[in-house]
Amino acid sequence: VGAVVFAYALSKALTALPEGGLALWTWLAGVAAAGCVRAGAVWFATLAGADRSRRLKRHLRERVLRTAMQVRAGEAATLGERLAAVTEQVEAMDGWFARFEALKLASGLTPALILAAVAVASPISALILLGALVPFTALMILAGGAAADAARRQLQALTRLSGMFVDRLRGLPIVIAFQDERSQTALLATASRAVADRTLKVLKIAFVSSAGLEFFSALSVALVAVYAGFNLLRLLPIAVPEQLDLQRAVFVLALAPEFYAPLRRMAAAYHDKQAAAAAAERLAALLESPRIAASTAVVPAAAPSVEFQDVVIRYEEGPAIGPPSFVAPAGRITAIVGASGA
């Protein structure tokens, strides 16, 4: 609505320019007011999106953190990967919550309103904008599919690197004791290079798709400008059922870039959507993983002795440990020593 008012006030101001006077200043004030309304709408939308994203991420992070701390031992995801889910993967949802959902709605609603306003002033210009939308949409679909695969692989590499780094820090004394620093450093370096390579692939797809989208949007605006100019000069090589005047031509030209603006903004934020989709897959897998059953034991007033009878530690994959039987007396340190360690 702000774009339509801006274009209309601008076209009236240009037609009133030769006469000047109060009419010119009135329409110039309308141009300034429409610009302020649009700026205020963008400011409000940015703040609202950031606030919504902050609330949703806090709620999601609390759920993921509770689940990550209750995952049973022996699950496929390491502690480092679970911590990466709490920090990096929840944070990857920011673009979806704060920007993409609103831009997706705007990309469907705003072009329809702009096209209707253009059609009232010049149906032929509306047909030009609509025709150029076909290759624009096809390119968005192709770029979106390629970006989804690249974003998924990039997030997998980043999660793997985070998990390796945290687990190596936890096992640092063992690494130093066995003098395995070189091989562990090489593993981390390889994982870091994988993250860098896959991040560059995501950026390449983003740059190529952005260039294509900019080309088609600029082409459609140029076609509308050529048509409006030739129509005003009556130099069109074919007959058309309309004759533009200066006000209608300026109105159409001012609205032509606005037709693609929400689509371009959504395309720029499509990377946020793909990163969020990849993160959501991994978060869903973590939230659905088996958890440790809640303990219903009553905490005693004094430290108890603990008796173990044929205790076995068994994982879903891998050998079992046990079965030892022993008593751990209260107030003393009990050590278990065996052939494989202590």
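Everything that follows concerns the structure shown earlier in this document.
Residues numbered from 1 in each chain as written. Predicted model: local features only at pLDDT ≥ 70, side-chain atom pairs only at ≥ 80, totals over all residues. Heavy atoms only, no water.

Asks: Just to check I follow, could you spell out the packing of aromatic side chains for this structure?
Replies: The way to describe two aromatic rings as a pair is by their centre distance and the angle between their planes. Scanning all chains against the criterion turns up 6 aromatic pairs. Consider the rings of Tyr8 and Phe251, whose centres lie 6.5 Å apart with planes at 80 degrees: the pair is edge-to-face. With Tyr8 in helix H1 (residues 2-15) and Phe251 in helix H8 (residues 246-268), this residue pair connects regions lying 243 residues apart in the sequence. What makes Phe251 buried here is its relative accessible area of 9%. (Phe/Tyr/Trp six-rings, centres within 6.5 Å; stacked < 30°, edge-to-face > 60°. Helix = DSSP H or I, 4+ residues; strand = E, 2+ residues; numbered from the N terminus. Buried < 20%, exposed > 50% of the residue type's maximum accessible area, 1.4 Å probe, protein only.)

Asks: What's the story with the pattern of salt bridges in this structure? I'm lost.
Replies: A side chain of one charge can pair with a side chain of the opposite charge if their charged atoms are brought near each other. In the structure shown here, the tally under the stated rule is 9 salt bridges. A salt bridge links Arg99 to Asp94; the shortest N-O distance between them is 3.8 Å. Given a relative accessible area of 37%, Arg99 falls into the partly exposed group. When salt bridges with common partners are traced through the structure, they connect Lys57, Arg61, Glu91, Asp94 and Arg99 into a single cluster. (Salt bridge = Lys/Arg side-chain N within 4 Å of Asp/Glu carboxyl O.)

Asks: When you look at a nonpolar patch on the surface in this model, what are you seeing that I'm missing?
Replies: A cluster of nonpolar residues, Phe165, Leu169, Leu172 and Ile176, forms a patch on the protein surface that exposes about 380 Å² of accessible area. Elements that contribute at least two residues to the nonpolar patch include exactly helix H5 (123-170) and helix H6 (172-177). Take Leu169: it is sitting in helix H5. (Patch = residues over 30% accessible without salt bridge, like charges linked within 9 Å, V, L, I, M, F, W, Y side chains within 5 Å. Areas by Shrake-Rupley, 256 points an atom, 1.4 Å probe, with all protein chains shown as cover.)

Asks: Quick question: what am I supposed to make of H1 here?
Replies: Helical periodicity: at 3.6 residues per turn, an α-helix aligns residues three or four positions apart in one direction. Compared with the 20 Å implied by 1.5 Å per residue over 14 residues, the 20 Å span of H1 between its first and last C-alpha is a close match. The set of residues buried in H1 consists of Gly2, Ala3, Ala7, Ala9, Ser11 and Ala13. The inward-facing, buried residues of H1 contact helix H2 (21-68), helix H4 (94-121) and H8. (Expected span 1.5 Å × (residues − 1). Contact = heavy atoms within 4.5 Å.)

Asks: Please clarify how the nonpolar core should be interpreted in this entry.
Replies: Residues Val118, Leu129, Phe136, Leu255, Phe259 and Tyr260 are the most contacted members of the largest nonpolar core, which totals 33 residues. Sorting the residues of this core by element identifies H1, H4, H5, helix H7 (181-233) and H8 as the ones contributing at least two each. In terms of residues, this core owes the most to one element, H8, which gives 10 residues. Residues contacting Tyr260, with those up to four places away along its chain left out, are Leu129, Ala132, Leu133, Phe136, Ser217 and Ser220. Formed by 15 residues, the second largest nonpolar core is a distinct cluster that contains Leu60, Leu155, Leu283 and Leu286. (Core = buried A, V, L, I, M, F, W, Y, C linked by side-chain atoms within 4.5 Å.)

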